[in-house]
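# Observations on chain architecture
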Amino acid sequence: MCIRDSAGTQPQSPEAYDLYLRSLPLATDGTGNLEGIALLERAVDLDPGYAPAWTQLAIRYYHHGNYGQGGEPFYDRSIEAARTALSLDPELMDAALRVIVVTTERGRLAEAWDAAQGLVQRRPDSARAYFARSYVLRYGGALDRAVEDCDRALALDPTNPSFRSCGITNMLAGRYERAVQFLELDAGSLLTLDNIGAIRLRQGRLQEAAETFRESSALAGASGARDAEAQALDQAFIRALEGEPLPAESAQLAADKQLMHLDAEQPYWMAALLAYHGFHELSLELVAEGIRRGYCSYPFMETDPLLAGVRADESVAGEFARVRQAGKSCHDEFVAHIEGH
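Residues numbered from 1 in each chain as written. Predicted model: local features only at pLDDT ≥ 70, side-chain atom pairs only at ≥ 80, totals over all residues. Heavy atoms only, no water.

## A word on the environment of E111
Take E111: it is sitting in helix 6 (residues 109–122). Take E111: its relative accessible area is 42%, and that puts it in the partly exposed class. Distance from E111 to V136, taken between C-alpha atoms, is 9.7 Å for residues 25 residues apart in sequence. A distance of 2.9 Å separates a polar atom in the side chain of E111 from a polar atom in the side chain of R108. (Helix = DSSP H or I, 4+ residues; strand = E, 2+ residues; numbered from the N terminus. Buried < 20%, exposed > 50% of the residue type's maximum accessible area, 1.4 Å probe, protein only. Polar contact = N/O pair within 3.5 Å; in protein donor to acceptor, adjacent residues only side chain to side chain.)

## Points about the state of the cysteines
One pass over the full model with this rule turns up two disulfides. Covalently, C150 is tied to C166 through a disulfide, its sulfur atoms 2.1 Å apart. In this structure, the disulfide formed by C150 and C166 twists by about -85° around the S-S bond and is classed as left-handed. Of this pair, C150 sits in helix 8 (residues 143–156) while C166 sits in helix 9 (residues 166–172), and the two are 16 residues apart along the sequence. The residues C150 and C166 share a single accessibility class, namely buried. What links to what in the protein chain: the bonded cysteines, counted in sequence order, pair as 1-2, 3-4. (Disulfide = S-S within 2.5 Å.)

## Looking at the pattern of salt bridges
Here the structure, examined in full by the defined rule, presents 28 salt bridges. For E242, the salt bridge is made with R214, and the minimal N-O distance between the two is 2.4 Å. Of the two residues, E242 sits in the loop between helix 13 (228–241) and helix 14 (248–259) while R214 sits in helix 12 (residues 206–223), which places them 28 residues apart along the sequence. For R214, a relative accessible area of 34% corresponds to the partly exposed category. (Salt bridge = Lys/Arg side-chain N within 4 Å of Asp/Glu carboxyl O.)

## Here's the deal with the environment of Y135
Take Y135: it is sitting in helix 7 (residues 127–139). For the pair Y135 and F163, spaced 28 residues apart in sequence, the C-alpha to C-alpha distance is 9.9 Å. The contacts of Y135, once residues within four sequence positions are left out, are Y62, V101, T104, E105, S165 and D263. (Contact = heavy atoms within 4.5 Å.)

## Some words on the confidence of the model for the protein chain
Scored by pLDDT, the protein chain comes out at a mean of 93, with 98% of its residues at no less than 70. Low confidence marks residues 1–7, where pLDDT is under 50. Its contacts with residues over four positions away, or in another chain, come to 22 contacts. (pLDDT = per-residue confidence, 0-100.)

## Some remarks on the nonpolar core
The biggest cluster of nonpolar side chains holds 105 residues, and the ones touching the most others in it are L172, L246, Y268, L274, Y295, M301 and F334. The biggest single contributor to this core is helix 7, with nine residues. Residues in contact with M301, not counting those within four places in the same chain, are Y268, V287, I291, C296, L307, R311, F320, V323, R324 and G327. (Core = buried A, V, L, I, M, F, W, Y, C linked by side-chain atoms within 4.5 Å.)

## Focus: helix 4 (residues 72–88)
Helix length check: helix 4 (17 residues) gives 25 Å between terminal C-alpha atoms against 24 Å at 1.5 Å per residue, within 8%. Within helix 4, burial applies to F74, Y75, S78, I79, A81, A82 and A85. Along the axis of helix 4, the buried residues cluster in a sector spanning 160°; they form a single face. Contact partners of the buried residues in helix 4: helix 3 (51–66) and helix 5 (93–105). (Expected span 1.5 Å × (residues − 1). Arc of directions from axis to C-beta.)

And the structure:
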């Protein structure tokens, strides 16, 4: 079956189509995303056969489940909405992409790779197909291949804000300014600000990192994307960048909150921050949890500047070696799968 960009099924309800159009410019963060969800839920109630509305609903459910406060129920709703869209119109690329992204984040890398590779083979002219494949490759630690696919995606579609995630891929590969270029495809968003802050921290540009994290925290508070407890943690980390020790209770709370995310990659991001602030044992616990969920964390755990203290800490050398081996095994298994297919 050939999957191509498609207008999908035609809308049958003018009111539903108006709701769909009104949802499109709304932010995918905070209250904007919740408003978009409400509009789209009304749209699919009025016109349940309109596949593009289901696709947009899948995207917004995903953002609320992963980056907002929706949790696992909205992750499940995202995949259900995407599959509904594909059942109505199998040619909808965004719906196919959403299924691959969620499958990847839940650690089913072989399944996600097979779907992404098939998408590229059927649509070698599609930027989103290469982006989907890059996403799976990142989770498996195949960064050289992942950045190549990110570059292909950007060359084919140089303004697509969805490709901001390739900024993370390039950051892990140590290509920091290239990472910023990708992130600025969605300039001003929470994800972009958080990751530019993480890049500046890895570059040792602490004042810029603190300023960027402060901007992100203010935006999160204004949009309702983070609760009061999360915002208090933001401030604790910012003060730590400015010279105050990070309290142990803040570190533990931050780790616990990050583990509530369903995305297998999320524990690694907090692990890196906690490693930088000296919480080496807790950092390794989080890296190990990400690997257990299917995010290989290898080989970049060996080069990430934020984990330098962990790598140099003799008191956790045995645990680092154990976690490194688990990550390498995850990576090697993934590479063996993709090379066999």
